[in-house]
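Examination of the molecular architecture
Residues per chain, in single letters:
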Amino acid sequence: MFESCTGQRQCSSGEQKCANGRCYRSNWECNGIDDCGDESDELGCPNTCDFEQGWCNWTNADPTTSWSRSSGATLTDQTGPSYDHTSYSSSGFYVYLETSGLAAGSRAILQSRPYDHFGHTCTFSFAYIMNGQDVGTLAVDLVTSGGTRINLWSRSGNLGSSWFTTSLHLGQATTGFVVQIIATHGGGSLGDIAIDDLELRDCFKTPIVIPPTVSTADFPVDSSCDFETNLCSSWTNSPHDEVDWIPHSGSTSSYGTGPSTDHTSGKVSGHYVYVESSGLSSGATADLDSPIFKKSGLMCQLNFAYNMNGYSIGTLSVVLKKPDSSGNQTMWSQSGDHGDNWITGIVRLGQISERFQLVFRMSHGSGYGGDIALDDVGFSGCDPSLKPPKCTQSQFKCKNRWCVDLSQRCDFTNDCGDNSDETGCAKLSPLYCSFDDESQCGFRNADDDDYEWVAARGAAYRYSSGPNSDHTTQTAQGYYIYTDADYTNRPGDTARFLSQTYSKPSAGCSFVFYYHLNRYRGGSLNVYIKSNNVENLIFTVNSTNSATQLWQRFAFSIAASSSSYQIIFEAAHGPYYYYSGSVSVDDISLNSRCGTAQVVPVSPVTTPPDCDFESQGFCKWKNSFFNDYDWSIDQGSSYYYSYLPSRDHTLGSSGNSSGHFAFVRGTYFYYYNYGPRTAGLTSAVMSSKIGCYYIVFYYVMSNYPGNLTLYQYPVDSQGAIQQKGSHDLYEITGSQGNSWQRARVRVKSMSTNFVLHFSAATSGSYGSTIAVDDVRFESCKPPQSCAADQFRCRNGYCIPSTWNCSKVDDCGDSSDEANCPDECDFEQDFCSWQNVYSDNTDWQRYSGSTPSTDTGPSVDHTYGTSAGYYIYLETSYSSNGAQAYLESPSYSVGKFCAVKFAYSMYGGGYSQMGTLEVQIITSGGTNVVWSKSGDQGSQWNDATVSIATRGTYKIRFVATKGTGYHSDIALDDVAMIPCTGPVPTLLPTTQPPPMNYPSGTCDFEKNTMCYWRNPQYDDIDWQLRTGRTLSYNTGPSADHTLGTAQGHYIYIETSGVPGGSYAALESPLFKKSGYDCQMSFAYSMYGSGIGSLRVYTVDGVSGTRTEVWSKSGNQGSSWHVGKIYIGLLSSSYRIVFNATHGSGFTGDIALDDIVFSRCDPSIKPRACNGTEFTCANKRCIPKEYQCDSADHCGDNSDESKSACKGYGQCSFEVNDCGYVNEPINDNFDWVPGRGETLSFNTGPPSDHTYGTPNGHYMYIETSYPRVFGEQAILDSPEFKPASRQSNCRFRFYYNMNGATVGSLAVVLAYTSGRSYETVLMNVTGNQGSAWHRASFAVATSQKFKIRFVATRGSSYTSDIAVDDLSWTPGCPAQTPVPS
């Protein structure tokens, strides 16, 4: 057919007209071919294929293996779909790969028709199902006409029997290509993969892109751009970013993200601009630039509406650029999902006297659910001729001369724009509470309500029912208070949060707070003001009428009164029975006219709070308010039994499974973002005059649990925990088996009231478990006698008689396990038990996991290790129903009253487990006295069976195989319990004679302990040794003195010792010491099961212990030298080493070469020179070490307030001290840290300031999405020039712990004159878990900043931290000009 080159003909019947005037046949419309030449015959076509009528334009591209079109189920059971995705019926069609008979690696390729190009907004969506244990991989590729293959998406493995959908952003392309869907077979017949409902959307529209041009204007005029007529001729796309802002109307192309209407009209036909996030890489940016303006007036502000709706929203920022000066300033920023709402944003710019430009910057999060939109962007009040208004008496005058209402002063919102309305509020207001300093601000949970308020962070508390971030910091790291009813609560239940009492509010008193209710699971929030014993409701809201993704503000004027008042927040359970009470509150404030807080001191307990977690619940212990999640109380085998202990410790030792214990476990039930999470359990406040006590408790740590730490914290008069002066009493890390372990540690004497605090840090592994039971306190002096139902230990303490011979060292000196006849742990042989030949098969002695998978134990019961032995029935090769008999010798009646044993009956959930019986055989026959059938979980279980018979008898264990090989049955620790138990007596103790003062060296070479001794009150003893210790991979191989295998040292042998056992080493009593008395010693702490080594000075009169040195965990195979300063002591004293066992047999700790020096009281102190600091104890240290957050004097006088006068210090405990993240030239940020970082085996275990997990520092988190080589830059404030004569020094501490740590550079960055930098330090690679000190002299004639540049290593174990930054008095002050 020939067409005229000029003019346009009329289209005939059966033809349609193209946009360019050409004609085409009607049946060619939407045929996937550009017949018009301008694609107008293909515009608006759905380009979908549901396979109901055929293959559409899709074809098989691999002749060897093809996709098949089918309906209903595929040919093979347990794989593929049973219905299509379009109609969800067995009659609907889909296409799939049939894998029966295919070789592993076979591929089927489904290919689209060729396309010339795609538009910018083009997306490809489809449904898929990957069901079956042999499923391989499904992938989507783009293949260009030149043969280049681009992988867009892939999934592998069995995803179950449900259909899934996905949408891929194909992006703009100008060359020809095809789409290929590739199914690769994994191997086996259960690997069918199916797809359905393929759709290409918005692929042939020419995208409207805002041109990247820049205009210049005098100042921003009052205006608003609604994007209805495209570009408003003012805002432009930057040519220097990765993606553009696009005008759009209606919903965006991806499901569940972006707005559904514009902001201007609220209609789907209205326009806005947005960034399409499908196919973008994480961190990709889109910049929308304003013109360049010459100046602005005092009242200038930027107004806009924004929408940040989607599960993977990144960040939207407003950046101020000044072309004539260096640096950009972030004026406003928001991150995360804000729901499908248009929100008004205001940025107060104020007066700018140089050229400037504003940029809207979108930084992409991850995934396609990250569309961000803008609308109604404009300026107001920017004319420089406008004068600022005069503030009224009811207004606050901001530093930038804006006026805001007085009620907005100190309300946790930056209403001024320069934050001056929020400056100094903590001192002005009786209540200014953000909860971010981990203070409850005088609030407490009511005693008579139904559930409790807790502190929370981020959205990840119970099913993401909280807000995404707190209100204060707008980050997931900030705290808010939260409550959510659980499955035990019912509609109408309440949680009440009570403030302290405030006195006499005056006129103008303003009460403000922010609240958030979950739209689906929220209950209601009621707020009361209680005065004169009457509660007045001032506010109420429920989730049905006020639930958004945003924090909402409420303000209330409290009337002037002469009466005191109290604030009450009440959350009420919603109408649904399960989890219907999600309410959050943050940033509570009272202004300066609201009276003063009436502080009521807390009354401490005078008797330590024992707790067995039975009828009294938590007793006088409670969950800490700032927990990541809570401790719970439960019974064994009733709640996820495969992870929890099978029984409690209190009653479980006698076979009773009804006892309770406290526990925490790591699981997504509490947190969707996996990683370490802590739960604290805090005692009642205890009096400082409570006396000397040991705390004894039992614990279980299983399934990669993390660690359990016991802290002792001083508290203030209101019971608030204080970090300074705290003590780490006990710590245990890693799996310890599923049996109860004993811990005993002395509570330290304190001059203030205190609390004890269990901190459990679970690993985030599903089912990781930490449990505690039988927390009790023992006086330092044993009782004179024990009750009739108690057993007296050799050390004088009393335990319940039922704990005697329980295979647990409850006494702490093993005396309760020392005289237990007829016990067999099978470590050496079968003892007196025998296999009986009248059965079908035999019991076998074994260690580790049994040969068959998913059955039998993996460790023994005695030691909880794979090296310990047990006996078991191997069921792989015997017939179903086969039996194995194990018989005792003959016993006479009256000698034993019970048999106790541990058993394992684990079958991996295959329902094949058989039966275990206990029989008593007498001359009169055989009686079954105990029986258990079926799978009992993977843990060891304890049982005690009473013996009631006459004459002589035997005990027989009968194990019967079930219906398959998943039925191995095991026994361990079989003990015959005597009818009456022994009563050990208290051993006498002897003290060596006192010495005048310490002196000399003890190298243990004369095969003696010198004057050191093993006391009687500890658990295990120090032993003399030469050469290696008895266990592999622990302890030294030679002594420290000679460095040979013939040299002597002392050590603790931890094989077979329960975790938490400790050995004390005591010196004689010394009468005096010299002013510079010091002690050094060599120590070895090598092994994965190392606990801790601590050194104390003990007052000879009061017995008060003072910890002077400590070290925990594996320190490597070398000897190390420790030094402590004893100094001049005013009374007699002794030195005590305490070595505490961690876990397993690799926990040996050794000592050698204990040396005292300069302890003679006749040695007089020398005068310190001009370069030295004189300590209070008369020691001399270099002034370089004065006031650097470390005790170099030994008495902390170099860190006292008077010694630190004129020094600059930053510990990051209160704020960031003006240190800020570089906004542009790096890839990610430094963040505040506390305790361990989010990843294992990297970062510091605690801060440097306090040395506890509760102190703060700054660090880089290098987990996903961070990649190798990315940098984070932390800048100090700007400093004035520092002359060489000023002797300015900058000191700090750094931590670079992790196998893949990158580098830390410290740079002197000059901010005036010629711009360049001087590198002060550059450290690379793993530096271990310790904090390291660095110090530099600073001398420059220019203004400068200190810049920390941290570079990420090759993996996530590359966290880097800094803490305790300090400046000497000669250093300059900060400049007042912001950088």
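Look up: the structure comes first, before these words.
Now for a description of the structure that goes with this document. (Residues numbered from 1 in each chain as written. Predicted model: local features only at pLDDT ≥ 70, side-chain atom pairs only at ≥ 80, totals over all residues. Heavy atoms only, no water.)

**Points about the overall build of the chain**
- Broken down by element type, the chain carries one helix and 87 strands.
- Sequence separation of 24 or more characterises 76% of the internal contacts of the chain that already satisfy a separation of 6 or more.
- Total accessible area on the chain is roughly 58,600 Å²; 48% of this is exposed by carbon and sulfur atoms. (Helix = DSSP H or I, 4+ residues; strand = E, 2+ residues; numbered from the N terminus. Contact = heavy atoms within 4.5 Å. Areas by Shrake-Rupley, 256 points an atom, 1.4 Å probe, with all protein chains shown as cover.)

**Comments concerning the sheet that holds strand β83 (residues 1303–1310)**
- An order of β78-β81-β86-β83-β84 is seen for the five strands of this open sheet, with the pairing classed as antiparallel. The open sheet has two edge strands with one neighbour each: β78 (1220–1221) and β84 (1317–1324).
- Across seven bridges, β83 lies against β84 in antiparallel orientation. In the strand pairing of β84, Val1306 is matched with Met1321. (Pairing = 2+ DSSP bridges.)

**What about the state of the cysteines?**
- Enumeration over the complete set of coordinates arrives at 18 disulfides.
- Each disulfide pairs two cysteine sulfurs, and for Cys11 the partner residue is Cys23, the sulfurs being separated by 1.9 Å. The sign of the S-S torsion, about -90°, decides the handedness of the disulfide formed by Cys11 and Cys23: left-handed. Of this pair, Cys11 sits in the segment before β1 (15–17) while Cys23 sits in strand β2 (residues 23–25), and the two are twelve residues apart along the sequence.
- Classification of Cys11 as partly exposed rests on a relative accessible area of 25%.
- The disulfide partner of Cys1168 is Cys1180, and the S-S distance across this bridge is 2.0 Å. With the S-S bond torsion at -90°, the cross-link from Cys1168 to Cys1180 turns out left-handed. (Disulfide = S-S within 2.5 Å. Buried < 20%, exposed > 50% of the residue type's maximum accessible area, 1.4 Å probe, protein only.)

**A look at the nonpolar core**
- One finds Trp453, Phe511, Phe513, Leu525 and Phe569 to be the most contacted residues of the largest nonpolar core, which totals 37 residues.
- No other element matches the five residues that strand β35 (residues 509–517) contributes to this core.
- Here Phe513 is in contact with Leu525, Val527, Phe539, Gln552, Arg553, Phe554, Phe569, Val585, Asp586, Asp587 and Ile588, once residues within four sequence places are set aside. (Core = buried A, V, L, I, M, F, W, Y, C linked by side-chain atoms within 4.5 Å.)

**Structural notes on empty space enclosed by the protein**
- For the coordinates displayed, the defined rule picks out five cavities of 30 Å³ or more.
- Here the largest cavity defines a volume of roughly 210 Å³.
- Lining of the largest cavity is provided by 20 residues; of these, Val745, Arg746, Tyr1096, Arg1105 and Asn1138 occupy positions nearest its centre.
- Contributing elements (two or more residues each) for the lining of the largest cavity: β48 (727–733), β49 (737–746), β70 (1092–1099), β71 (1105–1112) and β73 (1133–1140).
- Of the residues contributing to the lining of the largest cavity, the split by class is seven nonpolar, six polar and seven charged. (1 Å grid on protein atoms, 1.4 Å probe; cavity = no way out; pocket = protein on both sides within 12 Å on 5 of 7 lines; lining within 4 Å. Points joined across faces, edges and corners; volume = space filled by probe spheres on them. Nonpolar A, V, L, I, M, F, W, Y, C, P; charged D, E, K, R; others polar.)

**A short note on unusual backbone geometry**
- Of note, the amide linkage connecting Tyr1264 to Pro1265 takes the cis form, showing an omega dihedral of 15°.
- The topology assignment puts Pro1265 in the loop between β80 (1256–1260) and β81 (1271–1275).
- We note that Cys410 has phi near 60°; this positive angle belongs to a residue other than glycine.
- Structurally, Cys410 can be placed in the loop between β28 (403–405) and α1 (425–428).
- Look at Cys410 and you get buried, because its relative accessible area is 4%.
- For Lys504, which is not a glycine, the phi torsion comes out positive at approximately 45°.

**Description of the pattern of salt bridges**
- Under the definition given, this model contains 22 salt bridges.
- Residues Asp141 and Arg149 are paired through a salt bridge, measuring 3.1 Å at the closest nitrogen-oxygen approach.
- Residue classification places Arg149 among the partly exposed residues on the basis of a relative accessible area of 42%. (Salt bridge = Lys/Arg side-chain N within 4 Å of Asp/Glu carboxyl O.)

**Concerning the sheet that holds strand β42 (residues 622–623)**
- Across the sheet, five strands lie side by side as β42-β45-β50-β47-β48; this open sheet has antiparallel pairing. Two strands close off the open sheet at either side, each with one partner strand: β42 and β48.
- Inspection of the sheet shows strand β47 (residues 707–714) paired to strand β50 (residues 754–762) by eight bridges, in the antiparallel sense. Bridge pairing links Leu708 to Ala760 in β50.

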